[in-house]
Amino acid sequence: MRKIYIFYLFVLFLPMLIIMNGCHYLDEEASVGTPPLPAPPPTTTEVETPTPVVIAPPVVVPPVITTPIPIVTPEVEVAIEPIKFHYPKTMYDFYHGIKIDEIKPTIESGKVEKFVLDKEGYFPIGLLLNPNTGAISGTPIKYATSKELKFTIWALGKNEREKEKVQLTYSFQVIKSTDIFVGNDHVCSIVKEPKDYVTIGVLCWGNLSMIGDPLIEPHFVYYSNEYLDRVEMNNNGMCVMTDAFIKCKLHKDEIFKKIMPIGENYNNITMGATHTCALENSKKIKCWGSNTFGQLGKDPSVVSFFETPIEVVINSQIDLNDISAGDNHTCYSDNDDKAYCWGDNRFGQLGITGTKIGPVLVPKLPQGKVLFVASKGNFSCAVCYEVNQVFCWGEMYFNGVKKIFSSPTEITGIGADVFALDLGLEESCAHDEDYFYCWGKYIQGVVKRSIPTGKINGKVQIGDGFYCMTISTGVDEVFCWGKNDKGQLGVESYIKESSVPIPALPWKEPIHLVLPRPTPTPIFSLPTQ
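Cut-offs and rules
Within every chain, residues take consecutive numbers counted from 1 along the sequence as written. Only residues with pLDDT of at least 70 are given local features in this predicted model, and only at 80 or more are side-chain atom pairs given and counted; all residues enter the totals for whole chains, interfaces and linings. Computation of side-chain values covers all heavy atoms of the structure but excludes hydrogens and water. Here a strand is any run of E in DSSP of at least two residues, a helix any run of H or I of at least four, and the numbering for each starts at the N terminus. Only protein chains enter the area calculation, which uses a 1.4 Å probe; residues under 20% of their type maximum are buried, those over 50% are exposed, and those in between are partly exposed. Here, two residues are considered to be in contact whenever any of their heavy atoms come within 4.5 Å of each other. Surface accessibility follows the Shrake-Rupley procedure with a 1.4 Å probe radius. Residue values consider only the protein chains on display as shielding. When a carboxyl oxygen of Asp or Glu is within 4 Å of a side-chain nitrogen of Lys or Arg, the pair counts as a salt bridge. A strand pair is defined by DSSP finding two or more bridges across the two strands. The convention used is that axes are lines fitted to C-alpha atoms, helices contributing only their stretch in contact, and that angles between N-to-C directions extend from 0 to 180 degrees. Think of a nonpolar core as a cluster: buried Ala, Val, Leu, Ile, Met, Phe, Trp, Tyr and Cys residues, connected wherever their side-chain atoms sit within 4.5 Å. The quantity called pLDDT is the predictor's confidence in a given residue, expressed from 0 to 100. Counting rule for disulfides: a pair of cysteine sulfur atoms within 2.5 Å. Pairing of aromatic side chains requires ring centres within 6.5 Å, counting the rings of Phe and Tyr and the six-membered ring of Trp. Pairs whose planes differ by under 30 degrees are stacked, by over 60 edge-to-face, and all others tilted. Polar contacts, as used here, are pairs of N or O atoms within 3.5 Å; protein pairs need one atom able to donate a hydrogen and one able to accept it. Residues neighboring in sequence count only if both atoms are side-chain atoms.

1. What to know about the overall build of the protein
Tallying secondary structure elements over the protein gives one helix and 38 strands in all. In the protein, buried positions account for 46% of the 529 residues. Contacts spanning at least 24 positions in sequence make up 47% of the contacts within the protein whose residues lie at least 6 apart. Carbon and sulfur atoms provide 57% of the accessible area of the protein, an area that totals close to 28400 Å².

2. Observations concerning the pattern of salt bridges
Evaluation of the coordinates by the stated rule reveals 10 salt bridges. As a salt-bridge pair, Glu-232 and Arg-230 come within 2.8 Å of each other at their nearest N and O atoms. Using a relative accessible area of 25% as the deciding quantity, one classes Arg-230 as partly exposed. The shortest N-O distance in the salt bridge between Lys-286 and Glu-280 comes to 3.1 Å. For the pair Lys-286 and Glu-280, one class covers both residues: buried.

3. Thoughts on the sheet that holds strand 29 (residues 420-422)
On the basis of which strands lie adjacent, the open sheet formed by four strands has the order 29-30-31-32 and antiparallel pairing. Each end of this open sheet is capped by a strand with a single partner; those strands are strand 29 and strand 32 (447-450). Strand-to-strand twist across the sheet, computed as the mean angle between neighbouring axes with direction ignored, equals 25 degrees. One ladder, built from three bridges, connects strand 29 with strand 30 (residues 427-431); its direction is antiparallel.

4. A few points about the nonpolar core
Among the nonpolar cores identified, the biggest contains 19 residues, and Val-390, Met-396, Ile-411, Ile-414, Leu-421 and Trp-439 are the most heavily contacted of them. The set of elements that each furnish at least two residues to this core consists of strand 25 (370-376), strand 26 (379-384), strand 27 (389-398), strand 29 and strand 31 (435-440). The biggest single contributor to this core is strand 27, with four residues. When neighbours within four sequence positions are excluded, Val-390 is seen to be in contact with Ala-382, Val-383, Thr-409, Glu-410, Ile-411, Ile-414, Val-418, Leu-421, Ala-430 and Trp-439.

5. Thoughts on the confidence of the model for the protein
Across the protein, the average pLDDT comes to 77, with 70% of residues at 70 or higher. Scored below 50 in pLDDT, residues 507-529 shows 79 contacts in the model against residues more than four places distant or in partner chains.

6. Concerning the state of the cysteines
If you walk through the whole model with that rule in mind, you get seven disulfides. In this model, Cys-429 is linked to Cys-438 through a disulfide, with the two sulfur atoms separated by 1.9 Å. The disulfide joining Cys-429 to Cys-438 has a torsion of about 105 degrees about its S-S bond and is therefore right-handed. The pair formed by Cys-429 and Cys-438 is uniform in burial state, with each residue classed as buried.

7. As for the pairing of strand 12 (residues 219-223)
Summarising burial for strand 12: four of the five residues are buried, a large majority. Sheet topology places strand 11 (residues 199-206) next to strand 12; four bridges connect them, and they run antiparallel. Of the residues in strand 12, the one forming a bridge with Gly-201 is Tyr-223.

8. Focus on unusual backbone geometry
Positive phi outside glycine occurs at Asn-281, with the angle close to 55 degrees. The phi dihedral of Glu-386 falls on the positive side, at around 70 degrees, and the residue is not glycine. Inspection of the secondary structure puts Glu-386 in the loop between strand 26 and strand 27. Judged by its relative accessible area of 56%, Glu-386 falls in the exposed class.

9. A short note on the sheet that holds strand 6 (residues 136-138)
With respect to topology, three strands assemble into an open sheet ordered 2-6-5, the strand pairing being antiparallel. The two strands at the open ends of the sheet, each matched to only one other strand, are strand 2 (100-103) and strand 5 (127-129). The average angle at which neighbouring strand axes cross in this sheet is 20 degrees, direction not considered. Pairing analysis gives two bridges linking strand 2 to strand 6, with the strands arranged antiparallel. Opposite Ile-100, over in strand 6, you have Gly-138 as the bridge partner.

10. Here we look at the packing of aromatic side chains
Evaluation of the coordinates by the stated rule reveals eight aromatic pairs. When the ring of Phe-123 is compared with that of Phe-151, the centres are 5.0 Å apart and the planes differ by 85 degrees; the resulting orientation is edge-to-face. Here Phe-151 lies in strand 7 (residues 148-156) and Phe-123 lies in the loop between strand 4 (114-121) and strand 5, a separation of 28 residues in the sequence. Of the two residues, Phe-123 and Phe-151, neither departs from the other in class, the shared state being buried. On the basis of an interplanar angle of 20 degrees and a centroid distance of 5.0 Å, the ring pair of Tyr-467 and Trp-481 is categorised as stacked. In this pair, Tyr-467 sits in strand 35 (residues 466-472) while Trp-481 sits in strand 36 (residues 476-483), placing the two residues 14 residues apart along the sequence. Assessed through its relative accessible area of 8%, Tyr-467 is described here as buried.

11. Overview of the environment of Pro-218
Within the fold, Pro-218 resides in the loop between strand 11 and strand 12. For Pro-218, a relative accessible area of 9% translates into the label buried. Between the C-alpha atoms of Pro-218 and Cys-188, which are 30 residues apart in sequence, the distance is 9.0 Å.

12. Some thoughts on the side chain of Ser-375
Positionally, Ser-375 belongs in strand 25. At a separation of 2.7 Å, a polar atom in the side chain of Ser-375 contacts the side chain of Ser-380.

13. What to know about the pairing of strand 15 (residues 246-249)
For a regular strand, the rule is simple: side chains alternate between the two faces of the sheet. In strand 15, alternate side chains face the same way, and those of Ile-246 and Cys-248 on one face and Lys-247 and Lys-249 on the other are all buried. Two elements, strand 15 and strand 16 (residues 257-260), share three bridges in a ladder whose sense is antiparallel. Bridge pairing links Lys-247 to Lys-258 in strand 16.

Right under this line is the structure:
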């Protein structure tokens, strides 16, 4: 059986071995150079060309280089304190013609490296900003032409990362002051804010050479937020008065100095040609300056000049109403409605003959009827109520010529309701609410003039050939007329003179004087980068 089984296996596998051996034989023949078979003849059948396959170059991946990560200690950020600063109030008083020596800002917080001025807005011409201290100094010489004046000051901190700014805005407001004071060739006014009546300062126009200021257009000669009661001027200087002190500038090269101490109460001040007197507590009169003609109430043979105020011994035992100085004499009235004068009497300024040291009662006045008294040059006048009369004495122009009245003489032709007067070297006027009555060098008798519009509010003020007054027409306006060769009328120079009252100070808008009044607006924010 075993033999039969082996035989069958041999018979089955023998053909397979033969086939395998034949294949191997063919491979060997091919490998030794058997020629290939000829290519078949071409046919007309179109063979579709296969789309070539584009093989992209292999992507070379750079080797990853690993570097060690350094260990960084987190930085502790030091906070910079924000800068906050502001300027003192006087910083906001940049008025035309006022010299500012130095105004520095107050640093509330932060460290300031420098101060810079932003290009936007309008920095007043004539002022300078110190980049190291922030101080502003100089003299502004021009206003902005618009109704707002803005400029921004930046405080730059460390690396200029911290910036703060203060934006100053000047808004224009109309003054409503009735307090005008006229000198020979100029006019001054105490200017207050319209709403809260806080004093801004003393605004003047015309020839101010006596205080060293050549400008004729309106500008401030004194600025302060102190409540000012009165301004007085002569050919040499100027004084300002509050109820607590008096400051004077008696020479053009001086500054305003305090003459009378704080703690007193002053009611009035008046300046002669070379002397000044003040009414204190309505009971005392103190004077200083020249005493050549007994202007200070003392014997001129003993002392001719007092630099500090001395008290004048007065005759009245009751309160005093008013005080007024001429060139070298002074007069006052009291609550008993009487008038007294002292000083020079060469031209009958005291209303008496001869000389007398100290105040003397003016005779030939309706006693007990003197409303007030005024003095100018070498003469004085008084308004007397109930009898409705004006009396004058001394040397003055009347009917076109200069006359000497050695005793009080009535000025006839004046209305019955006059309540005020002012005296000029060439012409004088008294007035009621609707009319003013004038006499002098170029007038025969007394001339009656009507008020242009509204009602007189205050006194007619008379200079050398020009006149000013305040008139109420809803608001108080200043009107002037006469000569304008030195800018006395408060109008621009193309108007040489005016025979009728015209609105003064139309420099910014018609009728009203428009002044820059600053409103500080602090802004504590970073600028847009």
